[in-house]
Structure formats: structure tokens, C-alpha cells
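Each chain is listed here by its residues.
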Amino acid sequence: MPATAQMQPALVLHVRPYRETSAIVQMLTQGQGRLAGVLRGYRSKKQGQVSVQPFSVGTVTYSGRSDLVTIQKFESHHFIGLQGEGLYAGFYVLELLTRLVQERQEDRQIFASTMRVLEALEENDPLQPALRCFELELLQRLGYGIDFSAKGQPLQENGRYTFEAQTGFHPAAAEKAQGPRLFSGRELRQIASRDFAASTTQDAAKALMRAALAPLLGDKPLTSRSMFQRER
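Residues numbered from 1 in each chain as written. Predicted model: local features only at pLDDT ≥ 70, side-chain atom pairs only at ≥ 80, totals over all residues. Heavy atoms only, no water.

Participant: What is the right way to look at the overall build of the protein chain in this model?
Facilitator: Along the backbone of the protein chain there are six helices and 10 strands. Its C-alpha atoms give the protein chain principal-axis dimensions of roughly 70 × 40 × 30 Å. Per-residue burial over the protein chain gives 44% buried out of 232 residues. For the protein chain, the proportion of contacts with a sequence separation of at least 24, taken over those separated by at least 6, is 58%. For the protein chain, the computed accessible surface area is about 12,800 Å², with 47% contributed by carbon and sulfur atoms. (Helix = DSSP H or I, 4+ residues; strand = E, 2+ residues; numbered from the N terminus. Buried < 20%, exposed > 50% of the residue type's maximum accessible area, 1.4 Å probe, protein only. Contact = heavy atoms within 4.5 Å. Areas by Shrake-Rupley, 256 points an atom, 1.4 Å probe, with all protein chains shown as cover.)

Participant: Can you help me understand helix α4 (residues 185-192) in this one?
Facilitator: Quick reminder: α-helices carry 3.6 residues per turn. Residues three or four places apart thus point the same way. For α4, every residue scored as buried is listed here: Gly-185, Glu-187, Leu-188, Gln-190 and Ile-191. Against α3 (127-141), β8 (160-164), β9 (168-171), β10 (183-184) and α5 (199-217) lie the buried residues of α4. Immediately beyond the C-terminal end of α4, within one or two residues, lies Arg-194, with a positive phi of roughly 60°.

Participant: Could you clarify how one ought to interpret the pairing of strand β1 (residues 6-18) in this entry?
Facilitator: It is a general feature of regular strands that their side chains alternate between the two faces of the sheet. Alignment of β1 against strand β4 (residues 56-63), held across six bridges, turns out to be antiparallel. Each residue of the ladder has a partner; that of Pro-9, found in β4, is Thr-59. Hairpin geometry of β1 and strand β2 (residues 22-29) is characterised by an intervening segment of three residues between the two adjacent antiparallel strands and by a positive phi of about 55° at Arg-19. (Pairing = 2+ DSSP bridges.)

Participant: Could you clarify how one ought to interpret the packing of aromatic side chains in this entry?
Facilitator: One pair of aromatic rings is described through two measures. These are the centre distance and the angle between the planes. Scanning the model with the defined rule gives three aromatic pairs in all. Ring centres of Phe-163 and Phe-169 lie 5.0 Å apart, and the angle between their planes is 50°; on these two criteria the pair is classed as tilted. Put simply, the rings of Phe-148, Phe-163 and Phe-169 touch in pairs and so form one group of aromatic residues. (Phe/Tyr/Trp six-rings, centres within 6.5 Å; stacked < 30°, edge-to-face > 60°.)

Participant: In this structure, what is going on with the pairing of β8? I would like to understand it.
Facilitator: Note: β8 against β10, two bridges, orientation antiparallel. Note on β10: the bridge partner recorded for Arg-160 is Ser-184. Sheet topology note: the β8/β9 ladder contains four bridges and is antiparallel. Bridging from a neighbouring strand, Tyr-161 pairs with Pro-171 of β9.

Participant: In this structure, what is going on with the sheet that holds β10? I would like to understand it.
Facilitator: As a general point, the strands of a sheet are linked pairwise by backbone hydrogen bonds and lie either parallel or antiparallel. In space, the three strands of this open sheet follow the order β9-β8-β10, with antiparallel pairing throughout. With partners counted over all chains shown, the strands left at the sheet margins are β9 and β10, one partner each.

Participant: Got a minute to help me understand the packing of helix α2 (residues 108-122) against α3 in this structure?
Facilitator: Two quantities define a packed helix pair, namely the angle between the helix axes and the distance between the axes. Interhelical geometry of α2 versus α3 gives an angle of 170° and a closest axis separation of 10 Å. Relative to α3, the element α2 lies roughly antiparallel. Taking contact as the criterion, the partners of Gln-109, Ile-110, Ser-113, Thr-114, Arg-116, Val-117, Ala-120 and Leu-121 in α2 are, on α3, Leu-127, Ala-130, Leu-131, Phe-134, Glu-137, Leu-138 and Arg-141. Among the residues forming the contact of α2 with α3, the class breakdown is nine nonpolar, three polar and three charged. (Axes fitted to C-alpha atoms, helices over the stretch in contact; angles between N-to-C directions. Parallel < 35°, antiparallel > 145°, perpendicular 65-115°, else oblique. Nonpolar A, V, L, I, M, F, W, Y, C, P; charged D, E, K, R; others polar.)

Participant: What is the right way to look at the pattern of salt bridges in this model?
Facilitator: Pairing between side chains of opposite charge can happen when their charged atoms approach one another. In the structure shown here, the tally under the stated rule is five salt bridges. Measuring nitrogen to oxygen at the nearest pair gives 3.7 Å for the salt bridge that ties Glu-95 to Arg-99. In this pair, Glu-95 and Arg-99 are both assigned in helix α1 (residues 84-100), four residues apart and thus about one turn of the helix distant. Residue Glu-95 is classed as buried on the basis of its relative accessible area, which comes to 13%. Residue classification places Arg-99 among the partly exposed positions, given a relative accessible area of 25%. (Salt bridge = Lys/Arg side-chain N within 4 Å of Asp/Glu carboxyl O.)

Participant: How should I be thinking about the sheet that holds strand β3 (residues 33-39) in this particular structure?
Facilitator: The five strands lie next to each other as β1-β2-β3-β5-β4, forming a closed barrel whose pairing is mixed. Ignoring strand direction, the axes of neighbouring strands in this sheet form an average angle of 45°. Sheet topology note: the β3/strand β5 (residues 69-79) ladder contains two bridges and is parallel. By the bridge assignment for β5, Gly-37 is matched with Val-69. Those strands touched by α1 are β1, β2 and β3, and its axis lies near 95° from that of β1. Packing of α2 onto the sheet brings it into contact with β1, β2, β4 and β5, and relative to β1 it is tilted by some 65°.

The following block contains the structure:
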């Protein structure tokens, strides 16, 4: 008996050629998390399959329950058009999802958060606040949310702290001059409340997110980050 087809709202994350005319498509779906599927005839450009590309948002129809499903159809509803730094930021978002979200990790909030940040980038909203809010929420949904306290005590606005991904924030010694970056309590409290108005807070948040994400990403560099650095 043929497998029952399922339908899900989906965002295309990545497409790569597979065999002679097919492609393997990585998608983030609303109800089934990240899925990888084979789309046959992709390079024949038939049945609207040319619209299956990163940043395409639509409805995917697929079957199968293995690690590699069969994509029967992808109906595109919208293509998220990004330009300039927003485009590189968008690729960064897609790469984080591909690398960090486990297959079949069902979490509708990750899908909703992803759509929010991509829509913000498409509308040319300030880039740094949009990315930092996305990273903070993604870490939370993956079970690695940042605890904005130091050993259970509130962060002091005039305090100075170091951060370790596994153990969180630690008060820094007054004489500390070298080693891990120091974060001011004021900056950290602003990050916790998603207040990125100050440029110094944006810089601190970027450094904090890099430190928090590094153990999850491992040693393999982010392709999107290197692309952005080459263009600057």
C-alpha cells in the first residue's frame, strides 16, 4: 500500500543535485521540523520545480517516514527577496537551521521565529536586532537558552562578567586584563530584555551569540560567514 502523503507549510533551506535529474531538498516545515527529501526531475525544470530554491516559502507534499522522504510537490507561495547584507544574513539563518535543528524536531516556534527574522530582513529592518533576537530564541528552543544571571544571582549593572557556554556568566576579577571577553552587566541586561538600541550592546550581543553557538556548531566554519567576510 502506498504511503499516505502529508502536507506542510515549508521553507526551503538548501538544494543540491542528486543523481542525473533529481535534487535533495532541505526544508524547515511548520509541523515536522527539518526534513530532507528527494525531488525527482528537479533539473528538468518541469511542474514549477524551478521555484524550489532557498528562501522559497510554500506548501510541500511528501511521503515516507525515513530520513529521506519523497517530495511529490512543492507549491511556492512566496520568495523572500533579500539584498546586500540582508542576503548574507538570510543565508546565515538558513545555515544555522540546517546545522543545528535535528531532523523531525517538531517545534512550531522555530518555524515562526524563522519567518519573523526573514520577513524583517526582507523589509530592511535593522539587521543586528533581528538576528540577535532570532539566535536567542533558537538557542532557547534547542534547549541551550542563556541564563542571564551569575550563579543564580542577578547581573549587576556595574558588574563585569565572562561567559562560558556550558556554565554561563561569571563575575570577572577586578584586575582581569586578558582572556575571554568581558561583558558589562548593563549590556547583558539590555540583551536579556531585547534592547539593542545602543551600538555597544549590539557588539556585545554579537560576541555573546558567537560564544554561545560555537560549541553547537563545532569546528566546521560557517559558509555564510566566510561569504560575507569576502564581500566586505
